[in-house]
Amino acid sequence: MKITVKNISKKKIRKAGNTYNALFMIDGLDKRLVRSMVEINNNQYIRMWRDCFDTDGRFSRSRFNQYRHEFENWDEAFSLIWLDLKSINRQDDRTAIINCLMRLITDDTRINQYVDFILKDFFFYPLHLHYSDINALIFVNMLLFEHFAMRNHDFEFTPEDVLLSRDGKNKLLIDRLSALIESQWGDRFIEKIKTIKTNLYLSLDPQKEKSAQLLTESLIRLLREVFVFLTLVGGKTIYKVVRDTVEEFSHSDSALYSSQKSHGHLKSLLRFFQLSIRCLIILGDDDDIEVLKCISMREKDFMSLKGLMNKNLAFHQKSVRNIVALAQDGMATLKRKGKNFNSAELEDDVISNALDKTFVLED
């Protein structure tokens, strides 16, 4: 198809407001192009959403709040805002949008639909990573609790204490997600986690021919959010992923700790290792005692990790002692739990108190 575009005045283009609208003012094109249904049906809402950004592309929470009641009547608000979130470069803007979106859907009846939409966006292309993956897991982790929007502050990450929260969980949603992962989504989730780990190793030991899709600290943050989600949801598939990861991080001679750039990220790596141990204590049983025992026996090996600056030495030693103490407390907890323990039913006060103890160690 060949179209000869006639001259169009600058004055007419200015009235269009943007290039997209200008296309429909050109003779010949106006009859051949079709506006998308989103543009036709939601034009006023899209203008309001675009107005939530200043001329520098920065998100304005105050403008969003001005339009909030209008957005509540916009059926496509969630999906369009979420897709736009993927193009936001600044982390503080992404965090602000996530928390505004969280409050927007407070009384919405479509929470299950939103969770499925976000999770499918997260795992549908398991070989691809994006900064929005971190936001996706933070968002879903909050939605796993019935009163997610009652918190009066923003979240840049999921608070770790939610792992032991026994109040306010959306049990129906958690059970449904656990079943979906076991029956349909498990393979893609596992593939996505493998992709995150592969990129983590690559970021710690960069290669000339290829580079990691995300920065090291972002990959560790993403892995952390995934494990919080997995532990909240539970299930056999999830338990195996957690156990394998704890074993992977439990070897002090691993490339995780000895690669070219590992020394600059030891603090974050060890913090994630500590979190993964807690996840295993929550999900596991006495068959996992041997894994934790091996960790406690490697204290000297972890203490002697090379590449540390003197100013970080005291913190490193403290981190290792915390990890070893956590592993030792975890062995006692797993022994009390025995086999086939259901972490969703923490009715035994002895076990509950033992699990709580794993969270009193200083980070």
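Residues numbered from 1 in each chain as written. Predicted model: local features only at pLDDT ≥ 70, side-chain atom pairs only at ≥ 80, totals over all residues. Heavy atoms only, no water.

### A look at the layout of surface pockets
Vacant regions in the atomic arrangement are exposed by a probe of water-molecule size rolled over the atoms. Here the second largest pocket is characterised by a volume of approximately 380 Å³. Surrounding the second largest pocket, 15 residues form its lining, Arg221, Arg224, Ser268, Arg271 and Phe272 being those nearest its centre. Taken together, the residues of the lining of the second largest pocket break down into 4 nonpolar, 2 polar and 9 charged. (1 Å grid on protein atoms, 1.4 Å probe; cavity = no way out; pocket = protein on both sides within 12 Å on 5 of 7 lines; lining within 4 Å. Points joined across faces, edges and corners; volume = space filled by probe spheres on them. Nonpolar A, V, L, I, M, F, W, Y, C, P; charged D, E, K, R; others polar.)

### Details of the side chain of Ser296
Inspection of the secondary structure puts Ser296 in helix H15 (residues 289-296). Polar side-chain contacts of Ser296 include one of 2.7 Å to the backbone oxygen of Lys293. Dropping the residues within four chain positions of it, Ser296 is found in contact with Val324, Ala327, Gln328 and Met331. (Helix = DSSP H or I, 4+ residues; strand = E, 2+ residues; numbered from the N terminus. Polar contact = N/O pair within 3.5 Å; in protein donor to acceptor, adjacent residues only side chain to side chain. Contact = heavy atoms within 4.5 Å.)

### Observations concerning the pattern of salt bridges
Counted according to the given criterion, the structure contains 17 salt bridges. Taken together, the salt bridges that share partners define one network made up of Arg58, Arg90, Asp92 and Asp93. (Salt bridge = Lys/Arg side-chain N within 4 Å of Asp/Glu carboxyl O.)

### Examining empty space enclosed by the protein
All chains considered together, the criterion is met by 4 cavities of 30 Å³ or more. Taken as a whole, the second largest cavity encloses approximately 50 Å³ of empty space. Taken together, Gln91, Arg94, Thr95, Tyr131, Ile134, Asn135, Ile138, Glu156 and Arg221 make up the lining of the second largest cavity. Secondary-structure elements contributing two or more residues to the lining of the second largest cavity are helix H7 (91-104) and helix H9 (132-143). Residue composition of the lining of the second largest cavity, grouped by class: 3 nonpolar, 3 polar and 3 charged.

### Some thoughts on H15
Looking only at H15, the buried set comprises Val291, Leu292, Ile295 and Ser296. Buried residues along H15 cover an arc of 140° about the axis, so they all sit on one side. (Buried < 20%, exposed > 50% of the residue type's maximum accessible area, 1.4 Å probe, protein only. Arc of directions from axis to C-beta.)

### Description of the environment of Asn99
Residue position: Asn99 is located in helix H7. Spatially, the C-alpha atom of Asn99 lies 9.2 Å from that of Glu156, the residues being 57 residues apart in sequence.

### Quick word on the packing of helix H4 (residues 43-50) against helix H6 (residues 77-85)
Interaxial distance between H4 and H6 falls to 12 Å at its minimum, and their mutual angle equals 40°. Crossing handedness for the pair H4 and H6: right-handed. Here H4 contributes Ile46, Trp49 and Arg50 to the contact with H6, which in turn contributes Leu80, Ile81 and Asp84. Among the residues forming the contact of H4 with H6, the class breakdown is 4 nonpolar, no polar and 2 charged. (Axes fitted to C-alpha atoms, helices over the stretch in contact; angles between N-to-C directions. Left-handed = near helix turned anticlockwise from the far one by under 90°.)

Everything listed here is a matter of geometry and, on its own, says nothing about what the molecule does.
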